[in-house]
Amino acid sequence: MSGDFTLEQKRYLEGFSSGLQVARFGRGAVAPAAAPSKPTGPDAPHLEAMARFEAQGKKLSDPEKWKREEHPFDAYGRLKDQAEKNEFPTPADNFRWRFLGLFYVAPTQEAYMCRLRIPNGILTHTQFSGVADLADRYAGGYAHVTTRANLQIREVAAKHATDVLEAVLDIGLCSRGAGADNIRNVTGDATAGIWPHELLDTRPYAREWHFHILNNRVLTGLPRKFNVAYDGGGGVPTLEDTNDIGFQAVEVLPGADVARGIYFRLMLGGITGHKDLARDTGVVIPPEHATKVGDAIIKVFIDHGDRTNRAKARLKYVLDAWGFEKFLSAVEDKLGHRLLRVDADHIAARPQQDRHAHVGVHAQKQEGLSYIGVVLPVGKMLSAQMRELAAIAHDCGDGELRLTVWQNLLISGIPEARLAEAQERIEKAGLEWRASSLRAGLVACTGSRGCRFSASDTKGHAEAIATYCETRVALDQPINIHLTGCHNSCAQHYISDIGLLGARVPINEEGDTVEGYHVFIGGGFSTEGTIGREIFHDVKAEDVPQTVERLLKAYLKHRESPEESFHAFATGCDVAVLKQFAMKITL
């Protein structure tokens, strides 16, 4: 006979035991102390992790307390009530509503920003024009492409908080988990399925991960935000090495302990705002197992990520404290099997990526078809421009628009006979498909116009740099210039050829300040992964265009040959030498 009790038998025994305890207490016996109940359900791992930190005498951060008091996904009714009263949230609810994709961005704007989730950054033309419509109806009539190949709309009134969230669902998109302590929008290869020499189409893997997150509440409310990216070896860099998890497609050669073929190389710990790129773990993963491995990594992070110090709560700090082997061992315990390891000698060189592949016309692997990379002014599009881009994708292409981590988009599947029409219509919309080397690599975060953390108007200053320099410097090599407003480094200034970090620059002894930047040089990504070095400190914003001009002209004057990239030039020189070169340039 089985030793297991049925559910009914268990309930009977629990009731019988409770009755005996009550009877004993009634006769004068001392009632036993109630044992603390063990958390159950999908939030249990998070609650248990919080309790472990408290048992060590540590104090939880406020966001951890807010999550424990009320999970954001259980509070939608209160958000709806606030919307009906046209009220903005308390600090605790401001944090909670970010789980739904809403960010209250006061004092820079007395409004919400709504951020979406778009797996692999690919939308249909109807979804894209639908975002334009809801931006007009509920927001400021424009949208931004983010550095996670995503869209966000701004200036959403309090009364439209739930209207916009529900309208996003109506067009087949979602915003759930797009902010706060969650796994952010999953990025994938912008040219997935269309690049001639790609190793792997990342779309199905990004999509699988997207739905895995949405349907597993345990994967929300992490110790801190978490980024995951899939790079398939296409032409447009995905910047997977800037993510907590980077799944990088590689070809394993004969002679390894695993079968020859295409795998994902596992990279961990990227967080460029903390001056760290993801590192190769030596692990390779069959692509069909990527979601299971990612799930196990997240669950180890849930158990051991810091719940007390937000500044040290990212995955990087668990890896720093444990080392990679201990962490991978914990992941294997979650999986129930060993991970595959392959020596770097058995990994083939990856296909060359093109730093301009996200701009202009490029042939696809499908014969007779091309895509056009459209330049957006530091990621911003007016709703009318969005509707026209959607119409171009429908009329001239395959009906899809592909967002990139470079704050622009691709229109794919255009036959040769329709290229000229598409190009002309893009220009008539006030946008560009041809770009100078400077504008093609210009990236800026939201800046002080829409983010309270930003010390400078990054988007405005980026435009000033482009306008000033493009008529004064004739570039013949791609250049990346990234402007970020604060140390969160949303625009990833540390991996740029020229990176600018927003700062308040002192102008007198009384402590008055103006907007400005610290300037970094020589950052890189992928095979040139490097953290940039500071070359100038406290440059006033009004002087930044001339500073950039000096650096670009110093490069053109002192590089070894026209083929030498800015990155090679900058990393090959001492910072003091580079500074000297720049200061000797006559403007």
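Refer to the structure printed above.
Residues numbered from 1 in each chain as written. Predicted model: local features only at pLDDT ≥ 70, side-chain atom pairs only at ≥ 80, totals over all residues. Heavy atoms only, no water.

K.L.:
A description of unusual backbone geometry should follow, citing residues and the corresponding values.
P.N.:
Here the residue pair Ala 106 and Pro 107 is connected by a cis peptide bond, since its omega of 10° sits within 30 degrees of zero. The residue Pro 107 is located in the loop between β1 (102-104) and β2 (112-115) in this model. Phi is positive for Gln 492, close to 55°, though the residue is something other than glycine. Inspection of the secondary structure puts Gln 492 in the loop between β17 (481-484) and β18 (498-506). Within the chain, Asp 538 stands out as a residue other than glycine whose phi angle is a positive 55°. By secondary structure assignment, the location of Asp 538 is in strand β20 (residues 533-540). (Helix = DSSP H or I, 4+ residues; strand = E, 2+ residues; numbered from the N terminus.)

K.L.:
If you had to explain the state of the cysteines to someone new, which residues and values would you point to?
P.N.:
Applying the stated criterion across every chain, the model contains 0 disulfides. Left unpaired, Cys 174 is separated from the closest cysteine sulfur, that of Cys 114, by 9.9 Å. Cysteine Cys 490 remains unbridged, with the sulfur of Cys 486 as its closest cysteine sulfur at 5.9 Å. (Disulfide = S-S within 2.5 Å.)

K.L.:
Now, about the sheet that holds strand β6 (residues 228-231): what can you tell me, with residues and values included?
P.N.:
Sheet architecture is open: 5 strands sit in the order β6-β7-β8-β9-β10, paired in mixed fashion. Single-partner strands in this sheet number two, and they are β6 and β10 (340-341). In this structure, strand β8 (residues 261-268) lies alongside strand β9 (residues 279-285), joined through 4 bridges in antiparallel fashion. Within β9, the position partnered with Leu 268 by the bridge is Arg 279. Packing against the sheet, helix α9 (residues 290-304) makes contact with β6, β7 (245-252), β8 and β9, and its axis sits at approximately 145° to β7. (Pairing = 2+ DSSP bridges. Contact = heavy atoms within 4.5 Å. Axes fitted to C-alpha atoms, helices over the stretch in contact; angles between N-to-C directions.)

K.L.:
Account for the environment of Ile 271, naming residues and giving values.
P.N.:
If you trace the backbone, Ile 271 turns up in the loop between β8 and β9. Judged by relative accessible area, which is 6%, Ile 271 ranks as buried. Distance from Ile 271 to Asp 244, taken between C-alpha atoms, is 6.7 Å for residues 27 residues apart in sequence. Sequence-distant contacts of Ile 271, defined by excluding residues within four places in its chain, comprise Thr 242, Asp 276, Arg 314 and Lys 316. (Buried < 20%, exposed > 50% of the residue type's maximum accessible area, 1.4 Å probe, protein only.)

K.L.:
Summarise the environment of Gly 234; cite the residues concerned and give the values.
P.N.:
With respect to the secondary-structure elements, Gly 234 resides in the loop between β6 and β7. For Gly 234 and Asp 201, which are 33 residues apart along the polypeptide, the C-alpha to C-alpha distance reads 8.6 Å. Residues contacting Gly 234, with those up to four places away along its chain left out, are Asp 189, Thr 191, Trp 195, Glu 198 and Gln 353.

K.L.:
Please give an account of helix α15 (residues 458-469) that cites residues and values.
P.N.:
For α15, with 12 residues, the first-to-last C-alpha span of 16 Å sits near the 16 Å given by 1.5 Å per residue. For α15, the tally of buried residues reaches 9 of 12 residues, placing the bulk of the element in the interior. Those residues of α15 that sit buried are Thr 458, Lys 459, Gly 460, His 461, Ala 462, Ile 465, Ala 466, Tyr 468 and Cys 469. (Expected span 1.5 Å × (residues − 1).)

Shape descriptors only; they carry no functional weight alone.
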